[in-house]
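Geometric and topological summary
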Amino acid sequence: MSLDDHELLSRLADTVRTQIAPAVDDEYARTQAFMVSVILHRLAKQAQLTDEHCAAEAADVAALADQLDAVMASARTAADDSGDVPESVGNAVAHMRSQTSIAAASEIIEALYGWDASHPAAESALAAIRFALRRDIDRRMEIAR
Amino acid sequence: MSAASVRGEGPDDRDLAGVLGEYLRDRLGASGPVGIGSLERIAVGWSHETWLFDAAWSDDIDEQRQGFCLRRDPGNALLRQESDLAEQFRVLRCLESTAVAAPRAFWYEPDPAVLGAPAIVMERVVGECPSPWRRAGREYYAAAAERGVLPASFTDALAAVHNVDWKAAGLEFLGVPRAGSDFAQREIAKWQALIDDSGHPGHPILADLIGWLKHNAPPTDQLTLVHGAFRTGNVLIHDDQVSAILDWELQVIGDPMYDVAYMLTELNREGTELLSNVVPRELFFDRYQQATGIEIDEERCAYFQLLYAMRSAAFWMSAAGLYADGSNSDLRLARTHWSVTVALERAATELGY
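Let me begin by describing the structure that accompanies this report. (Residues numbered from 1 in each chain as written. Chains lettered and ligands numbered in written order. Predicted model: local features only at pLDDT ≥ 70, side-chain atom pairs only at ≥ 80, totals over all residues. Heavy atoms only, no water.)

**Some words on the overall build of chain A**
Along the backbone of chain A there are five helices and zero strands. Along chain A, from the amino end to the carboxyl end, the secondary structure elements read α-α-α-α-α. A compact globule built from 145 residues would reach a C-alpha radius of gyration of about 15 Å, whereas chain A, at 22 Å, exceeds it by more than 25%. Taking all 145 residues of chain A together, the buried fraction comes to 38%. Carbon and sulfur atoms make up 52% of the accessible area of chain A, which amounts to about 8000 Å² in all. Across chain A, the 13 positively charged side chains and the 24 negatively charged ones have centroids separated by 8 Å. (Helix = DSSP H or I, 4+ residues; strand = E, 2+ residues; numbered from the N terminus. Rg over C-alpha atoms; globule rule 2.2 N^0.38 Å. Buried < 20%, exposed > 50% of the residue type's maximum accessible area, 1.4 Å probe, protein only. Areas by Shrake-Rupley, 256 points an atom, 1.4 Å probe, with all protein chains shown as cover. Lys, Arg positive; Asp, Glu negative; His and termini not counted. Charge placed at Lys NZ, Arg CZ, Asp CG, Glu CD.)

**Quick notes on the pattern of salt bridges**
Residue and element names in this part refer to chain A. Across all of its chains, the model carries 28 salt bridges over all chains by this definition. We note a salt bridge from Arg-17 to Asp-14, for which the minimum N-O separation is 3.6 Å. Here the residue Arg-17 and the residue Asp-14 both occupy positions in helix α1 (residues 5–20), the gap between them amounting to three residues, near one helical turn. On the basis of relative accessible area, Arg-17 is assigned to the partly exposed category, the value being 41%. Look at Asp-14 and you get partly exposed, because its relative accessible area is 29%. (Salt bridge = Lys/Arg side-chain N within 4 Å of Asp/Glu carboxyl O.)

**Details of unusual backbone geometry**
All names here are of chain B. Even without a glycine there, the phi angle at Ser-38 is positive, about 55 degrees. Here Ser-38 shows up in strand β1 (residues 35–42). A positive phi is found at Asp-239, a non-glycine position, where the angle reads about 50 degrees. By secondary structure assignment, the location of Asp-239 is in the loop between β7 (235–238) and β8 (241–245).

**As for the packing of aromatic side chains**
Aromatic ring pairs are reported here in terms of the distance separating the ring centres and the angle at which the planes meet. All names here are of chain B. Counted under the stated rule, the structure contains 17 aromatic pairs over all chains. Centre to centre, the rings of Trp-212 and Tyr-303 are 5.7 Å apart; their planes meet at 25 degrees, and the pair counts as stacked. Of this pair, Trp-212 sits in helix α8 (residues 204–215) while Tyr-303 sits in helix α11 (residues 298–324), and the two are 91 residues apart along the sequence. The class of Tyr-303 is buried, set by a relative accessible area of 4%. A network of ring pairs unites the aromatic residues Phe-183, Trp-212, Tyr-258, Tyr-262, Tyr-303, Phe-304 and Tyr-308 as a single cluster. Lying across the ring of Tyr-23, Arg-27 places its NZ or CZ 3.7 Å from the centre. When the ring centre of Tyr-262 is taken as reference, the NZ or CZ atom of Arg-311 above it lies at 5.3 Å. (Phe/Tyr/Trp six-rings, centres within 6.5 Å; stacked < 30°, edge-to-face > 60°. Lys NZ or Arg CZ within 6 Å of the ring centre and 35° of its normal.)

**Section: the packing of helix α9 (residues 256–264) of chain B against helix α10 (residues 281–292) of chain B**
Any two packed helices are characterised by the angle at which their axes cross and by the distance between the axes. All names here are of chain B. Orientation of α9 relative to α10, taken along the N-to-C sense of each, is 165 degrees, at an axis distance of 12 Å. Classed by the angle they form, the pair α9 and α10 counts as roughly antiparallel. Both α9 and α10 take part in a crossing whose hand is right-handed. Residues Pro-256, Met-257, Val-260, Met-263 and Leu-264 of α9 touch α10, and the partners they reach there are Arg-281, Phe-284, Phe-285 and Tyr-288. A class-by-class count of the residues in the contact of α9 with α10 yields eight nonpolar, no polar and one charged. (Axes fitted to C-alpha atoms, helices over the stretch in contact; angles between N-to-C directions. Parallel < 35°, antiparallel > 145°, perpendicular 65-115°, else oblique. Left-handed = near helix turned anticlockwise from the far one by under 90°. Contact = heavy atoms within 4.5 Å. Nonpolar A, V, L, I, M, F, W, Y, C, P; charged D, E, K, R; others polar.)

**Structural notes on the environment of Glu-172 of chain B**
Residues and elements named next belong to chain B. Take Glu-172: it is sitting in the loop between α6 (149–163) and α7 (182–198). C-alpha separation for the pair Glu-172 and Glu-270, spaced 98 residues apart in sequence, amounts to 36 Å. Residues within four places of Glu-172 in sequence aside, it is in contact with Trp-166 and Lys-167.

**Topic: the interface of chain A and chain B**
Taken together, the 26 residues of chain A in the interface contact 23 residues of chain B. A combined buried area of about 2200 Å² lies between chain A and chain B, and 70% of that area is made up of carbon and sulfur atoms. Ranking the residues of chain A by area buried against chain B places Tyr-113, Arg-130 and Arg-134 of chain A at the top, with a combined share of 27%. At the junction of chain A and chain B, the tally comes to two salt bridges. (Buried area = accessible area lost by both parts, 1.4 Å probe.)

**Regarding the pairing of strand β3 (residues 63–72) of chain B**
On a regular strand, one side chain projects to one face of the sheet and the next to the other, so that they alternate. Residues and elements named next belong to chain B. Relative to β3, strand β2 (residues 49–58) runs antiparallel, the two being bridged by 10 bridges. Within β3, the residue paired with Thr-50 across the bridge is Arg-71. Hairpin connection of β2 to β3: four residues between the antiparallel strands. With five bridges joining them, β3 and strand β5 (residues 119–123) adopt antiparallel strand pairing. Paired with Arg-71 across the bridge in β5 is Ile-120. (Pairing = 2+ DSSP bridges.)

**Focus: the sheet that holds β2 of chain B**
Residues and elements named next belong to chain B. Strand order in this open sheet of five strands is β1-β2-β3-β5-β4, and the pairing throughout is antiparallel. With partners counted over all chains shown, the strands left at the sheet margins are β1 and β4 (105–109), one partner each. Strand-to-strand twist of the sheet, defined as the mean angle between neighbouring strand axes without regard to direction, takes the value 20 degrees. Strands β1, β2, β3, β4 and β5 of the sheet are contacted by helix α2 (residues 16–27), whose axis makes an angle of about 120 degrees with β1. Lying over the sheet, helix α3 (residues 85–95) contacts β3, β4 and β5, oriented at roughly 160 degrees with respect to β4.

**Concerning a nonpolar patch on the surface**
On the surface, Met-1, Leu-3, Leu-8 and Leu-12 of chain A cluster together to form a nonpolar patch covering roughly 450 Å² of accessible area. Position of Leu-12 of chain A relative to the elements: it lies in helix α1. (Patch = residues over 30% accessible without salt bridge, like charges linked within 9 Å, V, L, I, M, F, W, Y side chains within 5 Å.)

**Quick look at the nonpolar core**
Across soluble globular proteins, you tend to see nonpolar side chains buried next to one another. Leu-112 of chain A together with Leu-171, Trp-248 and Phe-284 of chain B are the most contacted members of the largest nonpolar core, which totals 119 residues. Here the element with the most residues in this core is α11 of chain B; it accounts for 12 residues. Leaving out residues up to four positions away in the same chain, Leu-171 of chain B has contacts with Val-91, Cys-94, Leu-95, Val-164, Trp-166, Leu-225 and Ile-253 of chain B. (Core = buried A, V, L, I, M, F, W, Y, C linked by side-chain atoms within 4.5 Å.)

**Observations concerning the pairing of β2 of chain B**
Residue and element names in this part refer to chain B. Across the 10 residues that make up β2, a large majority, eight, are buried. In this sheet, β2 lies alongside β1 in antiparallel orientation, the contact comprising six bridges. For Glu-40, the partnering residue across the bridge sits in β2 and is Leu-52.

The structure is reproduced here in structure tokens:
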């Protein structure tokens, strides 16, 4: 019989918490041992959820990139006096799509704030990004909580 | 790198009592050896080491005895960049002539070879400092709130900080923001620098938060001394009165609402409506505004609470970085890798998503 990585890590965490840490007399070392247990538990959850989270992130990034392309296309065709969507925004969206990583949304956000965060297109883009970021942080909280 | 090697070539902690006795002999004007007793390191915060001890000596007239506190910079602690001991010493000396309850600082020793690390020797103030993050601490503050003395004293202590004539006290060296939104922009830049130094890859929520903070930075119409971390757990209490405000590490000249926001934030109270676990909101508003003449601006406080979200993220990124780069082996710092996520989740919530 073998254990998955996350099961092994979880069991190690339990052993440290229930058997090793309480047997340590020195207060500092005992606290450190309990920290090992906490960290192993987090790593166990991470190992368990990584594949699921990566797949969800990739899907979210693709959907977000589509939404942002649509928002920017609409802004470019709109006849208003507020100027064109800067090239940096479009480039940042393309970069995020190629990276399939939500981390690349930082570049888009910086480009949007650098442009005009109160422009209707920027507001729509930020709203779409924030929806994706909420989903991302909720996934991360499953591990951090 | 071990903590010892960061400190440099100094005396071993096992010799610390002897080293302190020697260090204090001339400074106290002792006619003979200075006896050091009850030397203990206390576990407070993650920044500097704190040691308490009693010194006993004779001068030409009498037997003397006094309690002291030693703070040392081990060179690898959290927020070290923001809390230089030389600056702390200077601030404490400036505060001696004011109504602020702060420990008297006697000596600053920059040479790590003398006391094992750069250090301040200061007055040991009578009082206790229950942790508000533990149940016993929360029960302590709840009971004190019932008695009603500490809430008033706690509020008065903050008012005293904001009432300091900082120019007269010589605190301009902390840096004086220009008119407009310079104070907020300075704070953003400070925490951005800590994030950049941490080596953490960052996260888009942080980019959003920083962008929002920069675009919405409020003007500051009144400058005061700002403590930067005024809450229970950072003050000593004796007989239900604040006997000393501690942790002079993040002080600035700035917007008093920065401290008030820290009082109002839910971050500093767990399961209670009492501000900082001890002060009823109405009492705080009435007493603070009366004592300072400063009207509490809740909109500006809401802005600064978002700035605190950025600061929290910066703290945890810096803490996790200290473990990641091998400069500090404390596993509490390793755990803060996930505290960054918690801080970012809070920021997202406060930004409305």
